[in-house]
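Overview (structure and organization)
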Amino acid sequence: MTPPPIVSIINGPNLNMLGMRQPEVYGRESLADVEALCRTHAEKLGLAVEFRQSNAEGDLVTWIQQARGRAAGIIINAGAYTHTSIAILDALLAAEVMAVEVHLSNIHQRDSFRHHSFVAGVAKGTICGFGSHGYILALDALARLIKGSSEA
Ligand code: DQA
């Protein structure tokens, strides 16, 4: 049997504080709760999930690079690095792995500095404003894309 396609779920700075951090903006679930949701849903979709978080930009770059040739897709919530990081943009270009950008909050309804995303330019699509459910929507989108690319 062929092993399930790998989806690398990469979370950036301050997402380890989920549940405690501005719950009115980001919700009351912890990152461990989001991880559990993703693992349960990915299993139903026949996908294997790697779920990671770091506050360090370089870790995110390394994990994106490591997805090259190994992962079928990336789901990335780069936190505030979304709005600042050319290094993450370059890593996504170098990885050549389909990526879906996720944000818990609707970044377009917030401060103007959150309206620009370096990730959006290279992601297949962006899901924002649906809280933790955004990760489920991203998994659904990737599962469809991965299935489509294996049939092509
Ligand atoms: C976020 C939105 C970013 O603007 C912010 O810096 C975060 C979280 C979100 O998931 O809504 O850290 O990526």
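Please refer to the structure higher up on the page.
What this report covers is the structure whose coordinates are included nearby. None of these values were measured; they are calculated from a predicted model. (Residues numbered from 1 in each chain as written. Predicted model: local features only at pLDDT ≥ 70, side-chain atom pairs only at ≥ 80, totals over all residues. Heavy atoms only, no water.)

In the vicinity of the ligand, the residues found are P13, R21, Y26, N77, G79, A80, H83, H103, L104, S105, I107 and R114. Contact between the ligand and L104: an oxygen atom at 2.8 Å from a main-chain N or O atom of the residue. Isolated, the ligand exposes 320 Å² of accessible area, and the fraction of that covered by the protein chains is 99%. For the shell around the ligand, the residue count by class is 5 nonpolar, 5 polar and 2 charged. (Near = heavy atom within 4 Å. Polar contact = N/O pair within 3.5 Å; in protein donor to acceptor, adjacent residues only side chain to side chain. Areas by Shrake-Rupley, 256 points an atom, 1.4 Å probe, with all protein chains shown as cover. Nonpolar A, V, L, I, M, F, W, Y, C, P; charged D, E, K, R; others polar.)

Our next topic: the side chain of S105. Inspection of the secondary structure puts S105 in the loop between strand 4 (99–103) and strand 5 (125–128). At 2.9 Å, the side chain of S105 and the side chain of R110 are in polar contact. Ignoring sequence-local partners within four residues, the contact set of S105 consists of V25, Y26, R110, C128 and G129. (Helix = DSSP H or I, 4+ residues; strand = E, 2+ residues; numbered from the N terminus. Contact = heavy atoms within 4.5 Å.)

Turning to the sheet that holds strand 1 (residues 6–11), a few remarks are in order. If you trace the 5 strands from one edge of the open sheet to the other, you get 2-1-3-4-5, paired in parallel fashion. Here the strands that pair on one side only, and so sit at the sheet edges, are strand 2 (48–53) and strand 5. Taken pair by pair, the neighbouring strands of this sheet meet at an average axis angle of 20°, ignoring direction. By the bridge criterion, 6 bridges tie strand 1 to strand 2 in an arrangement that is parallel. Paired with I10 across the two strands is R52, which belongs to strand 2. Relative to strand 2, helix 2 (residues 31–45) is tilted by about 165°, and along the sheet it contacts strand 1 and strand 2. (Pairing = 2+ DSSP bridges. Axes fitted to C-alpha atoms, helices over the stretch in contact; angles between N-to-C directions.)

We now examine the pattern of salt bridges. Scanning the model with the defined rule gives 5 salt bridges in all. One salt bridge connects R39 with E35, and the closest N-O pair in it is separated by 2.9 Å. Here the residue R39 and the residue E35 both occupy positions in helix 2, the gap between them amounting to 4 residues, near one helical turn. Overall, the relative accessible area of 37% leaves R39 in the partly exposed class. (Salt bridge = Lys/Arg side-chain N within 4 Å of Asp/Glu carboxyl O. Buried < 20%, exposed > 50% of the residue type's maximum accessible area, 1.4 Å probe, protein only.)

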